[in-house]
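# Per-entry structural report
The residues making up each chain are set out below.
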Amino acid sequence: MEQLALLGGTPVLTAEPEELFRWPIMGQEDYDAAMDVVVNNKFSGTDITEKFQGEFAAWQGVKYAIAYCNGTMSLTAAMFAVGLGHGDEIICPTKTYWGSVSQAVNFGASPVFCNINEMLSMDPADLERCITPRTRAIMVVHYFGYPCDMDAIMAVAKKHGLRVIEDVSHAQGGLYKGKKLGTFGDVAAMSLMSGKSFAAGELGILVTDDRELYERAMAFGHYERNNGRYITESEDLKPYYHIALGGMKGRANQLCSALARVQLKYYDERCAEIRRAMNRFWDSLGGLPGIYAIRVDESTGSNMAGWYSAQGGYRASELGGLSVGRFCEAVRAEGYSGCWSGGNFCLHTHPFFKTFDLRHEGTPSRIVYNDRDVREDDALCKPSESIDCYNVPWFKHYDPEWIDRYAAAFRKVVENHELLLEADRNKARDGRWYGLGNA
């Protein structure tokens, strides 16, 4: 066995190359586009945003695209577009960022949580359990870039006549069986903020092929309706022309739209390099116990897009019960500082979905307009709490030497995990790390 750095051994990595992880990739073209907005005070216009919307729609392969100030606003507009309202229920995987579904309470609707599977993805086998006569929509989240099983999900939605919203915030440009994520459901929305694989400052975008949903989303919180160039075909919406129906300003800042236009030109090429790097990393770790790749089989025509916030799965039972937190601590000691456990917490465990009363109505907002207490179903999401994940390096460039070094740090911990277990047993017995003195 090789001594682990956490127990006094030599780390695998003694440095971390910043350029290997720097994102987004910015060049003169990005700076020029941004400075055009700054110098000419184009922040609050729509001309640049309109160009981006057209280019993004063509790239996505849809008829309509609307840019918003952030991803949460674009998802909120999608909820309004599908008619989410008082007493409705919307199903969402429990492990995701709160912006996927928390705003449903603004519409008087009740989020209902579905379990995830070991790929951290909505479990279609649990989906039908969540459906009631009040269910209006399913919020699908392609979490950490992993494409959900859209065949199974869409079959359930069709069977029950449900709307499907795709949250593609982690998977812009990803494919499921050769088809772009965000083109399966009725409408899709996504974040393009600075930390995402498609990074454009602080931006969101909604896409759809449905004219009615497009018009409703536009009417909800977009100033484009007020400049005389947008004509609605909806008789229901025409009386309310000139006022954002959600009472919100969702218009994109054109500095971000300008950056997004440039990033879009190179995005597919850069994502292909990311996927090449990430696949090399996981290929080199194949067959090891306890850890597994959160990745899709690309031979099926699916892919992980830009592999946003790359994750690995963890099975403590295969490593003698070693906790994922202790595993990550050991990997950090080997030189990869970014190895932390968790991902997002399971939403069904948060007090927001238990007791928060947004409008001071005397009843938690999640259930105030529902004739049943959906919180009682939260206990059925307990299995999701036990699915462990952790950060792995999110390589932006294909550098075999460095990729293999990072993989070696993970392999070293797995292959020598028994040393950690022994040290932990010894400390539990007498409070000492054997061979290292008092810890």
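Keep in mind that this is a model prediction, so the values were computed, not measured.

Turning our attention to the overall build of the chain. What the chain contains, in helices and strands, is 11 helices and 14 strands. Relative to a compact globule of 439 residues, whose C-alpha radius of gyration would be 22 Å, the chain shows 23 Å and is just as compact. Counting only C-alpha atoms, the chain reaches 80 × 55 × 40 Å along its principal axes. The burial tally for the chain puts 54% of its 439 residues in the buried class. Look at the contacts in the chain between residues 6 or more apart in sequence, and 71% of them connect residues 24 or more apart. Surface exposure of the chain reaches about 17,900 Å², of which carbon and sulfur atoms provide 50%. Here the chain contributes 46 positive and 57 negative side-chain charges, whose respective centroids are spaced 1 Å apart.

As a further point, take the packing of aromatic side chains. For the coordinates displayed, the defined rule picks out 32 aromatic pairs. Judged by centre distance (5.5 Å) and plane angle (75°), the ring pair of Tyr-176 and Phe-184 falls under edge-to-face. Comparing Tyr-176 with Phe-184, the two get one shared label, buried. The ring of Phe-184 is capped by Lys-179, whose NZ or CZ atom sits 4.7 Å from the centre of that ring. Above the plane of the ring of Tyr-292 lies Arg-315, whose end atom (NZ or CZ) is 4.0 Å from the centre.

The next point concerns the sheet that holds strand 11 (residues 311-314). Within the open sheet, the three strands sit side by side as 10-11-12. Their pairing is antiparallel. Of all the strands in the sheet, the pair left with one neighbour each is strand 10 (291-293) and strand 12 (388-391). Each strand axis lies, on average, 40° off the axis of its neighbour in the sheet, ignoring direction. Two strands pair when backbone bridges link them, and strand 10 and strand 11 are joined in this way by three bridges, in the antiparallel orientation. Its bridge partner lying in strand 11, Ala-293 is registered against Gly-312.

On to unusual backbone geometry. Most peptide bonds take the trans form, and the phi angle of most residues other than glycine is negative. Of note, the bond from Trp-23 into Pro-24 is cis; its omega dihedral lies within 30 degrees of zero at -5°. Mapped onto the fold, Pro-24 is located in the segment before helix 1 (28-39). At Lys-177, a position not held by glycine, the phi torsion is positive, near 50°. Here Lys-177 lies in the loop between strand 6 (175-176) and strand 7 (179-180). According to the relative accessible area criterion, Lys-177 is partly exposed, its value standing at 49%.

Strand order in the open sheet made by the seven strands is 1-9-8-5-4-2-3, with mixed pairing throughout. Whereas interior strands pair on both sides, the edge strands pair on one side only; in this sheet they are strand 1 (64-68) and strand 3 (110-114). Across the sheet, the mean angle from the axis of one strand to that of its neighbour is 20°, orientation sign disregarded. Examined bridge by bridge, strand 1 and strand 9 (residues 204-208) share five bridges and lie antiparallel to one another. Each bridged residue has a counterpart across the sheet, and for Ile-66 the counterpart in strand 9 is Leu-206.

Moving on, we get to the pattern of salt bridges. The tally for this structure, following the rule as stated, stands at 30 salt bridges. For Lys-412, the salt bridge is made with Glu-2, and the minimal N-O distance between the two is 3.9 Å. On the criterion of sequence distance, the pair formed by Lys-412 in helix 10 (residues 400-415) and Glu-2 in the segment before helix 1 is long-range, its members being 410 residues apart. Of the residues examined, Glu-2 reaches a relative accessible area of 46% and is grouped as partly exposed. Across the salt bridge formed by Glu-89 and Arg-372, the nearest N and O atoms sit 2.8 Å from each other. On the criterion of sequence distance, the pair formed by Glu-89 in strand 2 (residues 89-93) and Arg-372 in the loop between helix 8 (324-333) and helix 9 (382-385) is long-range, its members being 283 residues apart. On the accessibility criterion, Arg-372 (24% relative accessible area) is partly exposed. Overlapping salt bridges, with partners in common, bring together Glu-2, Glu-334 and Lys-412 in one network.

What counts as what
- Residues numbered from 1 in each chain as written.
- Predicted model: local features only at pLDDT ≥ 70, side-chain atom pairs only at ≥ 80, totals over all residues.
- Heavy atoms only, no water.
- Helix = DSSP H or I, 4+ residues; strand = E, 2+ residues; numbered from the N terminus.
- Rg over C-alpha atoms; globule rule 2.2 N^0.38 Å.
- Buried < 20%, exposed > 50% of the residue type's maximum accessible area, 1.4 Å probe, protein only.
- Contact = heavy atoms within 4.5 Å.
- Areas by Shrake-Rupley, 256 points an atom, 1.4 Å probe, with all protein chains shown as cover.
- Lys, Arg positive; Asp, Glu negative; His and termini not counted.
- Charge placed at Lys NZ, Arg CZ, Asp CG, Glu CD.
- Phe/Tyr/Trp six-rings, centres within 6.5 Å; stacked < 30°, edge-to-face > 60°.
- Lys NZ or Arg CZ within 6 Å of the ring centre and 35° of its normal.
- Pairing = 2+ DSSP bridges.
- Axes fitted to C-alpha atoms, helices over the stretch in contact; angles between N-to-C directions.
- Salt bridge = Lys/Arg side-chain N within 4 Å of Asp/Glu carboxyl O.

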